[in-house]
Amino acid sequence: MSDKKLWAGRFSEPTDAFVEAFTASVEFDQRLAPQDIQGSIAHATMLVRQGILSEDEREAIVKGLNLILDRIESGRFEWSIGLEDVHMNVEAALTAEIGEAGKKLHTGRSRNDQVATDVRLWLRQEIEQIQRELQRLQLALLDIAEREAETILPGFTHLQTAQPITFGHHMMAWFEMLERDASRLEDCHRRMNRLPLGAAALAGTTFPIDREFTAELLGFDGPCRNSLDAVSDRDFAIEFTADASILMMHLSRMSEELTIWSSAQFAFITLSDSFCTGSSIMPQKKNPDVPELIRGKSGRIFGHLMALLTLMKSQPLAYNKDNQEDKEPLFDTVDNLRGSLKVFADMIPAISCNPERMRAAALQGFATATDLADYLVRKGMPFRDAHEVVGKSVAFCVAEQCDLAELTLEQLRAFSDIIEEDVFDYLTLEGSAAARDHIGGTAPAQVRRAIAGARERLRKGA
Ligand code: ARG
């Protein structure tokens, strides 16, 4: 195949060798080849229908492109830097393969609308894969939540003991985060699903094309409405990377909690050996590498979001070569997000909980102090006064080094004589959690309701 530039007509000097390599994108955009070929076949089909190409020409093009795809997929295709990008590599190979008809494929289109189409086709499919991994993770969380609906652990604010919660409730909080992520991705997918092809270089084409037909062939909801916008818009890449950033931020928060919980000092959970690694010097170590690495990877994805925003900032209409820089951040975001979700979804079912450790931890730090205050309120005391009374009781316990539930009725009544024997029902961890029995509360009954609702929504969405 000749490396002759497809645009060389008006040039009298050859491209500087370094510039040739510097401006080429084929090393990374070759992964768009399947979408490039898919788009070309749809374009050729539309051209035939509009009487611009003959059926014989289309047949040769389709046959040639499929042959090239096969060569690419089996690693037998020779990519050329001189041919700059995936689009010109494929087109040159096609012409080498089938002759004249190959040269007609580019009628009524430009690489500008071609690349915008390829990236959308590719990302659309990746989002669908990501949604599947995300759903697998959501289902894993529901299973743990169900298993641990009654398991008590301390809930924290400021990482200080706050109130007893159930582990199932904690897992359902994670689930909520992921459900918002799924709906953001769905939204991004829907907005992105319009066809740029037909915008040609920037202004449209003089050929009588049928963009709605091409859109239909490629599974788009319709063509982009403005040709200038169609070739220059990269909002979908930014939106996706923003969604990915929020999702990675969530995974980093979950990873942080898994890391803390699996430390010897907490020991709330044990991660499966298959998701941890050891130390080359300290024989006792079992490090939570997977959650740590995911926590770390969130940083590079936030970076890609910033890169894409900056790439598009101040760009005049329409296509500019700057846009070639959209691919590497986008590809890296997809690869790392998919990897993180996959390993997370594999890791979660393999977590084992240590309910005794969680319970012991919940008994430290006066987790039921609010319950005592609420008890006093139910007996008629204004909340502010109750807060004060309980604060004093806690100070007493701190000095005596005991828990509220360990005080005698006499000792408690010294702080308020409206306290009666039934107070102890409210000072237990289980009583405290079970009492928060309303939508969104931590009571095991509510956790089970939340799980049922979540399963129903997943079923409907699928
Ligand atoms: N490789 C280019 C990109 O990724 C394809 C479009 C090139 N268009 C152009 N007019 N140079 O953006």
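Every value quoted in this text rests on a predicted model; they were computed, and no experiment measured them.

K.L.:
Lay out the overall build of the protein with the relevant residues and their values.
P.N.:
From N to C terminus, the protein includes 20 helices and four strands. For 462 residues, the compact-globule formula gives about 23 Å, and the C-alpha radius of gyration of the protein, at 31 Å, lies well above that figure. For the C-alpha atoms alone, the extent of the protein along its principal axes is close to 100 × 50 × 40 Å. A burial count over the protein gives 49% of its 462 residues as buried. Put simply, 76% of the contacts in the protein that link residues at least 6 apart link residues at least 24 apart. Considering the protein, the positive charge centre built from 51 side chains and the negative charge centre built from 71 side chains are found 2 Å apart.

K.L.:
Explain the site of the ligand to me, using residue names and the numbers behind them.
P.N.:
Taken together, the residues surrounding the ligand are Ser-25, Asp-29, Asp-85, His-87, Arg-111, Asn-112, Val-115, Tyr-319, Gln-324 and Lys-327. Separating a nitrogen atom of the ligand from a side-chain N or O atom of Asp-85 is a distance of 3.0 Å. Contact between the ligand and Tyr-319: an oxygen atom at 2.4 Å from a side-chain N or O atom of the residue. Relative to its free-state accessible area of 340 Å², the ligand is covered by the protein chains to the extent of 87%. Looking at the shell around the ligand residue by residue, the class counts come to two nonpolar, four polar and four charged.

K.L.:
Before we move on, can you summarise the nonpolar core with the specific residues and values?
P.N.:
What tends to happen in soluble globular proteins is that the nonpolar side chains get buried as a cluster. Formed by 88 residues in total, the largest nonpolar core has its most connected members in Phe-240, Ile-269 and Ile-348. Tallying contributions element by element places helix 7 (residues 111-147) first for this core, with 13 residues. When neighbours within four sequence positions are excluded, Ile-348 is seen to be in contact with Leu-137, Ala-140, Leu-141, Ile-144, Trp-174 and Leu-258. Counting residues in hydrophobic clusters, the runner-up holds 20 residues, among them Leu-372, Met-381, Ala-386 and Cys-397.

K.L.:
Tell me what's going on with the environment of Arg-31, and back it up with residues and numbers.
P.N.:
Along the chain, Arg-31 falls in the loop between helix 2 (26-29) and helix 3 (33-49). The class for Arg-31 is partly exposed, based on a relative accessible area of 32%. The sequence separation of Arg-31 and Val-90 amounts to 59 residues, and the corresponding C-alpha distance is 12 Å. If sequence neighbours within four positions are ignored, Arg-31 has contacts with Trp-122, Phe-331 and Asp-335. Here Asp-335 takes part through its side chain, which lies 3.0 Å from a polar atom of the side chain of Arg-31.

K.L.:
Account for the side chain of Ser-298, naming residues and giving values.
P.N.:
Along the chain, Ser-298 falls in helix 12 (residues 289-312). Beyond its immediate stretch of four places on either side in the chain, Ser-298 contacts Met-248 and Ser-252.

K.L.:
With reference to specific residues and values, describe the packing of helix 15 (residues 369-378) against helix 16 (residues 383-400).
P.N.:
The packing of two helices is summarised by the inter-axis angle and the distance between the axes. Where helix 15 contacts helix 16, the two axes come as close as 9 Å, and the packing angle between them is 135°. On the basis of the axis angle, helix 15 is oblique to helix 16. As helix 15 packs across helix 16, the resulting crossing turns out to be right-handed. Touching Ala-369, Leu-372, Ala-373, Asp-374, Leu-376 and Val-377 of helix 15 are Phe-383, Ala-386, Val-389, Val-390, Ser-393 and Val-394, all from helix 16. Residue classes in the contact of helix 15 with helix 16 are distributed as 10 nonpolar, one polar and one charged.

K.L.:
Give me unusual backbone geometry: which residues, what numbers.
P.N.:
Omega for the peptide link from Leu-317 to Ala-318 comes to 0°, which places this bond in the cis form. Looking at the secondary structure, you find Ala-318 in the loop between helix 12 and helix 13 (327-347). Even without glycine at this site, Ala-200 takes up a positive phi of about 55°. For Ala-200, the location among the structural elements is in the loop between helix 8 (167-192) and helix 9 (211-217). Backbone geometry places Phe-366, a non-glycine residue, at a positive phi of 55°. The residue Phe-366 is located in the loop between helix 14 (355-362) and helix 15 in this model. Exposure remark for Phe-366: the relative accessible area of 19% places this residue in the buried category.

K.L.:
Let's hear about the packing of helix 8 against helix 20 (residues 444-461): which residues, and what values?
P.N.:
Closest axis-to-axis distance for the helix 8/helix 20 pair is 10 Å, and the angle between their directions is 30°. In this view, helix 8 runs roughly parallel relative to helix 20, as classed from their interaxial angle. Helix 20 is crossed by helix 8, and the crossing has left-handed handedness. Only Val-447, Ala-450, Ile-451, Ala-454, Arg-457 and Leu-458 of helix 20 make contact with helix 8, whose side of the interface consists of Gly-168, His-169, Met-172, Phe-175, Glu-176 and Glu-179. Along the lines of polarity and charge, the residues of the contact of helix 8 with helix 20 split into seven nonpolar, two polar and three charged.

Criteria and thresholds
- Residues numbered from 1 in each chain as written.
- Predicted model: local features only at pLDDT ≥ 70, side-chain atom pairs only at ≥ 80, totals over all residues.
- Heavy atoms only, no water.
- Helix = DSSP H or I, 4+ residues; strand = E, 2+ residues; numbered from the N terminus.
- Rg over C-alpha atoms; globule rule 2.2 N^0.38 Å.
- Buried < 20%, exposed > 50% of the residue type's maximum accessible area, 1.4 Å probe, protein only.
- Contact = heavy atoms within 4.5 Å.
- Lys, Arg positive; Asp, Glu negative; His and termini not counted.
- Charge placed at Lys NZ, Arg CZ, Asp CG, Glu CD.
- Near = heavy atom within 4 Å.
- Polar contact = N/O pair within 3.5 Å; in protein donor to acceptor, adjacent residues only side chain to side chain.
- Areas by Shrake-Rupley, 256 points an atom, 1.4 Å probe, with all protein chains shown as cover.
- Nonpolar A, V, L, I, M, F, W, Y, C, P; charged D, E, K, R; others polar.
- Core = buried A, V, L, I, M, F, W, Y, C linked by side-chain atoms within 4.5 Å.
- Axes fitted to C-alpha atoms, helices over the stretch in contact; angles between N-to-C directions.
- Parallel < 35°, antiparallel > 145°, perpendicular 65-115°, else oblique.
- Left-handed = near helix turned anticlockwise from the far one by under 90°.

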